[in-house]
Amino acid sequence: MYLKGEKVIFDLVKNELKKSVPNDEFSRYISQLTYAEDESFSDCVCLNAPNPYIAAWVQTKYASKIAGTFQELNGTTPQVIIKIKHPRARTVISADDILQKEIKTAKSTLLNPSYTFESFVIGRSNDLAFSVAKAVCENPDVLYNPVFIHGGVGLGKTHLLQAIGNAAVKNNKHVIYSTCDQFTNEFIFHINNHSMERFRDKYRHCDFFLIDDVQFLSTRESTQEEFFNTFNDLHNDKKQIVLTADKNPKLIAGLEERLKSRFMWGMIADIQRPDLETKIAIIKKKCEIDQIKISDEIVNYIATILEENIREIEGALIRIRAYANMLNQAITIDFVKDTLKDYIKEKHENITIEEIITTVAKELNCKPSEIRSKSRTARIVNARRMVIFLAHKLTQNSMRVIAEYFEMKDHSAVSHSLRTISQIIASDAGFKLKIDELSSKITSVH
Ligand code: ADP
Ligand code: MG
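Residues numbered from 1 in each chain as written. Chains lettered and ligands numbered in written order. Predicted model: local features only at pLDDT ≥ 70, side-chain atom pairs only at ≥ 80, totals over all residues. Heavy atoms only, no water.

**Examining the overall build of the protein**
When helices and strands are tallied, the protein shows 21 helices and eight strands. Sorting the 446 residues of the protein into buried and exposed places 48% on the buried side. Across the protein, every contact between residues at least 6 apart in sequence was considered, and the portion connecting residues at least 24 apart equals 73%. Accessible surface computed for the protein: about 22,700 Å², of which carbon and sulfur atoms make up 51%. (Helix = DSSP H or I, 4+ residues; strand = E, 2+ residues; numbered from the N terminus. Buried < 20%, exposed > 50% of the residue type's maximum accessible area, 1.4 Å probe, protein only. Contact = heavy atoms within 4.5 Å. Areas by Shrake-Rupley, 256 points an atom, 1.4 Å probe, with all protein chains shown as cover.)

Following this line, the structure appears as structure tokens:
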């Protein structure tokens, strides 16, 4: 029901985009897109483009705008994926196939089938959440009820929640997966249509109640009341409840105390930002799933420069593949650096050398003024090297500006310094680890 609605919404999205996108770009790119109903899910809109060129263009330039327009019209922000439509791949679908598919879709209540435990990479940052999710799947209501998973954007909450759903559906359990937005919208719809019995019929009869993004639960009293009653009914009936949010329940503004306290009854597990090792494992897994062939050097490069979140890493991989297809290019390290260049600069445009100096000084226990000075003490030289490396990697300053800042002769002195640092990084694992940690610290506040 929600999916069908999204197809209609995509037409509305197109109409909206027409108002803000230049005419020629609209007709050349946006108007060529079609909604890929079979591949879209509640949090992921898949659009077909007629060729790789249009796909890459739209993915790079318009994906976030399209997602934003969906948000305006529909209340939820989906991930937007542009795929290339291969007309030859179309097969004739029998009525039986359609029926089977409908049954499956109804049963899984719009779960993304690729979000499974098997496709989830476990690391230090998410192993508790993963174990808890797996455990409640195997023993619902025995161990922890409710389970509350929290963590920043794009760190795998929805993936884990839907993995529970997919595994439970396989065990013939009745699963409700819904975002809090959806819950709120449906509640308001049924109130206005005097059809609350249908709403309650849906939400109060299930084995697994999986609710995503509870930070978006409406602050309206009536919605919270309904959520509270739903929660209590299901909990009394020993149905497994799993919730996610971007923060600990205690810290969600506008949430009634009685809901907060219930959310904290069971098990709270957080997902942290992935460490370098986990990022590498995730990139390898994604490449394996999407059949992208890249060297270990490239995997390490992507893992080091992208700090933010896993969705962003996926975006980078999509971009690399799309450009490589479009330009018929082998995926080399230089090609990847070039493809991701704007992306990184854009991301870090607010980072300053001053800020890097402050962070490095604090971390290495020295004074910012010492780093700026001409001191040749080994400790200070080391700190200064880290600053130069990070300034080059994370800020938009050219080598000339960095040279001026440190009163070095010219840009070739910076270049020489960077080469020395690269050699140290290659031979000294401790130095490299420190650089990665500092880089992650600096970018995390942006
Ligand atoms: P959140 O709900 O926390 O914002 P998602 O669950 O939507 O994040 O994750 C964003 C993307 O990153 C998804 O495509 C998901 O498959 C992927 N992802 C996140 N964590 C992992 C992981 N540990 N292993 C594999 N993929 C992951
Ligand atoms: Mg999510």
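**Section: the packing of helix H6 (residues 127-138) against helix H7 (residues 157-170)**
In a pair of packed helices, the angle between the axes and the distance between the axes together describe the arrangement. Running from amino to carboxyl end, H6 crosses H7 at an angle of 20°, the nearest separation of the two axes being 10 Å. Between H6 and H7, the interaxial angle falls into the category roughly parallel. Pair H6 / H7 crosses with right-handed handedness. Residue-level contacts link Ala-129, Phe-130, Ala-133, Val-136 and Cys-137 of H6 to Leu-160, Ile-164, Ala-167 and Ala-168 of H7. Split by residue class, the contact of H6 with H7 holds nine nonpolar, no polar and no charged. (Axes fitted to C-alpha atoms, helices over the stretch in contact; angles between N-to-C directions. Parallel < 35°, antiparallel > 145°, perpendicular 65-115°, else oblique. Left-handed = near helix turned anticlockwise from the far one by under 90°. Nonpolar A, V, L, I, M, F, W, Y, C, P; charged D, E, K, R; others polar.)

**Points about the packing of aromatic side chains**
Applying the stated rule across the entire model yields 15 aromatic pairs. Ring plane angle 55° and centroid distance 6.1 Å describe the contact between Phe-231 and Trp-265, whose orientation is recorded as tilted. Placement of the pair is Phe-231 in helix H10 (residues 221-236) and Trp-265 in the loop between helix H11 (257-263) and strand E8 (267-271), with a sequence separation of 34 residues. Looking at Phe-231, the relative accessible area reads 0%, which means it is buried. Among the aromatic residues, ring-to-ring pairing joins Phe-148, Phe-183, Phe-187, Phe-199, Tyr-203, Phe-209, Phe-227, Phe-231, Phe-263 and Trp-265 into one connected group. (Phe/Tyr/Trp six-rings, centres within 6.5 Å; stacked < 30°, edge-to-face > 60°.)

**Digging into the pairing of strand E4 (residues 147-151)**
Taking burial as the measure, the five residues of E4 include five buried ones, the bulk of the element. Direction of pairing for E4 relative to E8: parallel, over a ladder of five bridges. Among the inter-strand pairings, Val-147 is bridged to a residue of E8, identified as Met-267. (Pairing = 2+ DSSP bridges.)

**Quick look at the packing of helix H8 (residues 180-192) against H10**
Taken N-terminus to C-terminus, the directions of H8 and H10 make an angle of 110°; their axes are 10 Å apart at the nearest point. One element, H8, and the other, H10, form an angle in the roughly perpendicular class. For the pair formed by H8 and H10, the contact residues are Cys-180, Phe-183, Thr-184 and Phe-187 on the first element and Ser-222, Thr-223, Glu-226, Phe-227 and Thr-230 on the second.

**Considering the site of ligand 1**
Neighbouring residues of ligand 1: 18 residues in total, closest Gly-154, Thr-158, His-159, Arg-311 and Glu-314. Here a nitrogen atom of ligand 1 and a side-chain polar atom of Asn-126 are 3.3 Å apart. Here an oxygen atom of ligand 1 sits 2.7 Å away from a polar atom, N or O, in the side chain of Glu-314. For ligand 1, whose unbound accessible area comes to 560 Å², protein coverage reaches 97%. For the shell around ligand 1, the secondary structure elements donating two or more residues are H7, helix H12 (276-290) and helix H14 (310-327). A per-class count over the shell around ligand 1 returns seven nonpolar, seven polar and four charged. (Near = heavy atom within 4 Å. Polar contact = N/O pair within 3.5 Å; in protein donor to acceptor, adjacent residues only side chain to side chain.)

**Description of the sheet that holds strand E2 (residues 44-49)**
Read from one edge of the open sheet, three strands run E1-E2-E3, paired in mixed fashion. A strand with exactly one partner marks an edge of an open sheet, and here the two such strands are strand E1 (34-35) and strand E3 (79-84). Here six bridges tie E2 to E3, and the two strands are oriented parallel to one another. Of the residues in E3, the one forming a bridge with Leu-47 is Ile-82. Along the sheet face, helix H3 (residues 52-61) touches E2 and E3 and points at about 165° away from the line of E3.

**Topic: the pattern of salt bridges**
Applying the stated criterion across every chain, the model contains 22 salt bridges. With a closest N to O distance of 2.8 Å, Glu-226 and Arg-200 form a salt bridge. Pair noted here: Glu-226 is in helix H10 and Arg-200 is in helix H9 (residues 196-203), with a separation of 26 residues, a long-range link. In this structure, the salt-bridge partner of Lys-341 is Asp-338, at a minimum N-O distance of 3.2 Å. (Salt bridge = Lys/Arg side-chain N within 4 Å of Asp/Glu carboxyl O.)

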